[in-house]
There are 2 protein chains.
Amino acid sequence: MNIKELARRAGVSISTISRVINNSAYVSPEIRERVEAIIAETGYRPNSLAKDLLRNKTDTIGVLLPRIDLPTFAAMFEGVTDVLNQNGYNILLANTRDKHDDELKYFQLFYEKRVDGVIYFATGITEEHVRLVKQIRMPLVVLGHSGEAFSCSAVRLENFGAAKAMVQHLLELGHRRIGCIAVPDHDVDISTHRKQGYRSALEEAGIDFDERLVSIGDFEYPWGERGAAALMSLPDTADRPTAIFCITDRLAVAASGWLQRSGYRVPQDVSVACIDDPVLLSYTQPRVTTMSFDYHRAGATAGQMLINRINGTQAEPRETFMPFSFRLRDSTGPCPSG
Amino acid sequence: MNIKELARRAGVSISTISRVINNSAYVSPEIRERVEAIIAETGYRPNSLAKDLLRNKTDTIGVLLPRIDLPTFAAMFEGVTDVLNQNGYNILLANTRDKHDDELKYFQLFYEKRVDGVIYFATGITEEHVRLVKQIRMPLVVLGHSGEAFSCSAVRLENFGAAKAMVQHLLELGHRRIGCIAVPDHDVDISTHRKQGYRSALEEAGIDFDERLVSIGDFEYPWGERGAAALMSLPDTADRPTAIFCITDRLAVAASGWLQRSGYRVPQDVSVACIDDPVLLSYTQPRVTTMSFDYHRAGATAGQMLINRINGTQAEPRETFMPFSFRLRDSTGPCPSG
DNA sequence: CTGTTAGCGCCTTCAA
DNA sequence: TTGAAGGCGCTAACAG
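Residues numbered from 1 in each chain as written. Chains lettered and ligands numbered in written order. Predicted model: local features only at pLDDT ≥ 70, side-chain atom pairs only at ≥ 80, totals over all residues. Heavy atoms only, no water.

*Asks:* Requested: an account of the overall build of chain A, with residues and values cited.
*Replies:* Within chain A, the secondary structure is distributed over 12 helices and 12 strands. Computed over the C-alpha atoms, the radius of gyration of chain A is 27 Å, more than 25% above the 20 Å expected from 2.2 N^0.38 for a compact globule of 338 residues. Expressed along its principal axes, the backbone C-alpha trace of chain A runs to roughly 90 × 40 × 30 Å. Looking at chain A as a whole, 58% of its 338 residues qualify as buried. (Helix = DSSP H or I, 4+ residues; strand = E, 2+ residues; numbered from the N terminus. Rg over C-alpha atoms; globule rule 2.2 N^0.38 Å. Buried < 20%, exposed > 50% of the residue type's maximum accessible area, 1.4 Å probe, protein only.)

Written out as structure tokens, the structure is:
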């Protein structure tokens, strides 16, 4: 079914059909009624492809992300979609599932599908990314990294500050041997900056950095166990940490579970703290002290920035940092031997 | 930049350009080279809208779901996207955020955008849904419900069996007063069937159903606390449950946390069990006994069914039930007063 | 081997 | 107030 067939059945021209569909001009009531009846009866819906081709706009935004099954990404994503949907945009979603090399392919896809803009949950930006994006000139907003390389707006997190403040909290509780369960430096904003915050807090407190207190793995639960186990099995008991700072929530949950199953009380024997605050952390036993970011808001901000960029409301690149807030719960306490 | 401009610059016709882009016919090496050089230099990429309009195919699948921030949905979604991406499809994602009424709007959108098929994470199917889908005749696969109303294939979960088997596990441990934290009957497959499984197991064991042992709330953590609190505050101590069966994982985590904070040992005083097995449940304290569904596989199966339907490989509707598997962990134990 | 032409379905002047 | 015609960017006959 198309506009031509509709016109034939209604005994009018295709322009008239177009007019009633879009209310774009006056149509005599009788004709309008007749056409509407036929539309209702046939269940006709215009072909958006044809329309989009003509108006050179798709009302679709490409969203590129490495995974969606982490609460943090899911929350940002829902923030993005909330504002985009409210503004009449649809989402073409590319989930690379951590296959970083596929990102370039998806940028091309977005361009070929002529999306009106792109939200990019960045993990690592290469020169190829930059060249490609420059070439295709699509409105772009980066989430989780600087947008400088692309000369575009970005929404970032105060990762350094959050990590530093959390370690300072542990220092204030009297802890001196503070372990850190972290991840490699693939993802600049999270892994590097949070680790830097940890080191910076120690440094300012005049505590020497001890490499044996840092355990590097990945973001997943199993590593929280393994990391905690590694730290608590340092040969000299005096070397073992009295507090463990985890770079993200899953590591803390698993570390806390392992500690308890291994006979340590949390926080009486060992404190556990982290960054990121999925609802879960308020319901585990014990509840976990953390630094909270409003991920939904971060996503919504990025979405709004992109809309402003498309509208021309805000042409100049701008960078927003999301603040953290301290959530004191039950997993941190005074240093025992302190 | 378009094919016409390219033709002008290369001094050839647009068909020649098309031929080199698509490798659809022989082109003399010199011309091919010249054209490819210009393409590389301009960064030209064909407009998919025009192509899709012509071939009447978009290589895009619409995915309609109520939310993406639950591990179960996220896992199914990634299963879907894995097989679809592997088969060259892209994803137009509609996240209703539990606004059930928007579903119809998104079905229309999918049709207007001429997606090649739809995966529908169904929560409640109304007559309007059926009428609309019948009218637009798109290949469709339903996830989480019967596809009967649409005469389409579906992937479902053995919710009844999983719930029944879990309650039977508790019965075998000697429990007679088994609480249930559940949700209202909005979502047939999960809420109703799992509750029915609970009742069926009790019935077969000759235990009278006690309404006071069922607490109805929602899927979120806070309700796990409130539900557990309600069950454990029945006036007569003898009425209180010695085991709590939760309809899904979040409720169990929160219930277990609340019990421990309220002075109950899990499982020595009260056992906790549930259905659904996000990785988390292996890392909480205690680890939670549950029935596991392979959600990723469920999604992948749905994706493959849709592809088969589009190819014509499998035209007849078919229904697959995903089996459950028992994960015995640390949150369930013998009935104390046994 | 390459160019010309006719649409895909729709919107938008421009006439009438 | 309505109709005719051109064109969005591309592919696929059909000529040459």
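So that's the structure; there's more coming.
*Asks:* Outline the UniProt feature "domain: HTH cro/C1-type" (unreviewed entry) in chain A, listing residues and values.
*Replies:* Under the feature "domain: HTH cro/C1-type" (unreviewed entry), the UniProt entry names residues 1–30 of chain A. Overall, residues 1–30 of chain A shows 63% helix and 0% strand. The separation of its end C-alpha atoms is 22 Å. (UniProt positions renumbered as here; feature names shortened; annotations may be inferred.)

*Asks:* Which residues make up the UniProt feature "domain: HTH lacI-type" (unreviewed entry) in chain A, and what values go with them?
*Replies:* When the UniProt feature table is mapped onto this chain, "domain: HTH lacI-type" (unreviewed entry) is found at residues 1–55 of chain A. Between the end C-alpha atoms of residues 1–55 of chain A the distance is 21 Å, and the span holds 71% helix and 0% strand.

*Asks:* Go over the pattern of salt bridges with me, naming the residues and quoting the values.
*Replies:* Tallied over the full model, the rule gives 59 salt bridges over all chains. One salt bridge connects Glu5 of chain A with Arg9 of chain A, and the closest N-O pair in it is separated by 3.1 Å. With Glu5 of chain A and Arg9 of chain A both in helix 1 (residues 3–10), this residue pair falls 4 residues apart, about one helical turn. Classification of Glu5 of chain A by relative accessible area gives partly exposed; the value is 23%. The salt bridge involving Asp269 of chain B is made with Arg265 of chain B; its shortest N-O contact spans 2.9 Å. (Salt bridge = Lys/Arg side-chain N within 4 Å of Asp/Glu carboxyl O.)

*Asks:* Would you mind going over the interface of chain B and chain A in detail, with residue names and values included?
*Replies:* Many structure descriptions define interface size as the accessible area lost when the parts assemble. Listed by partner, the interface residues are 54 residues for chain B and 54 residues for chain A. Buried area between chain B and chain A, both sides added, is near 5100 Å², and the carbon and sulfur share of it is 54%. Its largest share of buried area at the contact with chain A, chain B owes to Arg45, Leu49 and Tyr283 of chain B, together 15% of the area lost on that side. Counting the contacts that link chain B with chain A gives 10 salt bridges. Put simply, Arg97 of chain A and Asp82 of chain B hold a salt bridge, and the shortest N to O gap is 2.4 Å. Here chain B is connected to chain A by 28 residue pairs in polar contact (both at pLDDT 80 or more). Secondary structure elements with two or more residues in the side of chain B that touches chain A: helix 3 (29–42), helix 4 (48–55), helix 5 (71–86), strand 2 (90–95), helix 6 (102–112), helix 10 (221–231) and helix 11 (249–261) of chain B. It is helix 5 of chain B that contributes the most residues to the side of chain B that touches chain A, 6 residues altogether. Pairing of strand 2 (residues 90–95) of chain A with strand 2 of chain B, which is carried by 3 bridges, proceeds in the antiparallel orientation. From the neighbouring strand, Leu92 of chain A faces strand 2 of chain B, where its bridge partner is Leu92 of chain B. (Contact = heavy atoms within 4.5 Å. Buried area = accessible area lost by both parts, 1.4 Å probe. Polar contact = N/O pair within 3.5 Å; in protein donor to acceptor, adjacent residues only side chain to side chain. Pairing = 2+ DSSP bridges.)

*Asks:* Can you explain the sheet that holds strand 9 (residues 271–275) of chain A? Please cite residues and give values.
*Replies:* Whether parallel or antiparallel, the strands of a sheet pair through hydrogen bonds between backbone atoms. Residues and elements named next belong to chain A. Pairing within the open sheet is mixed, and its 6 strands lie in the order 7-6-8-9-10-12. Both edges of this open sheet fall to strand 7 (214–216) and strand 12 (324–327), since each of them pairs with a single strand only. The sheet shows a mean angle of 15° between the axes of neighbouring strands, direction not considered. Sheet topology places strand 10 (residues 289–293) next to strand 12; 4 bridges connect them, and they run antiparallel. Bridging across to strand 12, Ser292 finds its partner in Ser325. Along the sheet, helix 8 (residues 159–172) contacts strand 6 (178–182), strand 8 (243–246), strand 9, strand 10 and strand 12; its crossing angle with strand 10, the most-contacted strand, is approximately 160°. Against the sheet, helix 10 (residues 221–232) contacts strand 6, strand 7 and strand 8, and its axis sits at roughly 150° relative to strand 6. (Axes fitted to C-alpha atoms, helices over the stretch in contact; angles between N-to-C directions.)

*Asks:* Any chance you could break down the relation of the copies chain B and chain A for me, citing the residues and the numbers?
*Replies:* Look at the two chain copies: a rotation about an axis and a shift along it is all it takes to match them. For the pair chain B and chain A, the relating rotation is 180°, the translation along its axis is 0.0 Å, and the fit reaches an RMSD of 0.1 Å. Taken together, the rotation angle and the small translation identify this as a two-fold axis. Closest approach to the rotation axis within chain B is made by the C-alpha atom of Leu92 of chain B, at a distance of 2.3 Å. An overlap of 100% is found between the interface residues of chain B and their copies at the interface of chain A, pointing to a shared contact surface. (Least-squares fit on C-alpha atoms with pLDDT ≥ 70 in both.)

*Asks:* Before we move on, could you go through the protein's contact with DNA strand D and cite the residues and values that matter?
*Replies:* Near DNA strand D there are 25 residues, and of these Thr16 and Arg19 of chain A together with Ile3, Tyr44 and Leu54 of chain B occur at the shortest range. Looking at DNA strand D alone, sugar and phosphate atoms form 65% of those within 4 Å of the protein. Take Asn22 of chain B: an N or O atom from its side chain is 3.0 Å from a phosphate oxygen of DNA strand D. With respect to DNA strand D, the backbone of Ala50 of chain B contributes an N or O atom lying 3.4 Å from a base nitrogen. (Near = heavy atom within 4 Å.)

*Asks:* An account of helix 10 of chain A is needed here, citing residue identities and associated values.
*Replies:* Taking 1.5 Å per residue as the helical rise, helix 10 of chain A with its 12 residues ought to reach 16 Å, and the 17 Å between its terminal C-alpha atoms agrees with that figure. Buried residues of helix 10 of chain A: Tyr221, Trp223, Gly224, Glu225, Gly227, Ala228, Leu231 and Met232 of chain A, and no others. (Expected span 1.5 Å × (residues − 1).)

*Asks:* I'd love a proper account of unusual backbone geometry, names of residues and values included.
*Replies:* Of note, the bond from Val266 of chain B into Pro267 of chain B is cis; its omega dihedral lies within 30 degrees of zero at 10°. Within the secondary structure, Pro267 of chain B sits in the loop between helix 11 and strand 9 (271–275). Look at the link from Gln285 of chain B to Pro286 of chain B: it is a cis peptide, with omega at -10°. One can find Pro286 of chain B in the loop between strand 9 and strand 10 (289–293). The phi dihedral of Asn56 of chain A falls on the positive side, at around 60°, and the residue is not glycine.

*Asks:* Pulling in residues and values, what's your account of the domain arrangement of chain A?
*Replies:* Domain annotation for chain A reports domain 1 (3–46), domain 2 (58–158 + 295–323) and domain 3 (159–292). Between the C-alpha centres of domain 1 of chain A and domain 2 of chain A there is a distance of 39 Å. (Domains from an automatic or database assignment.)

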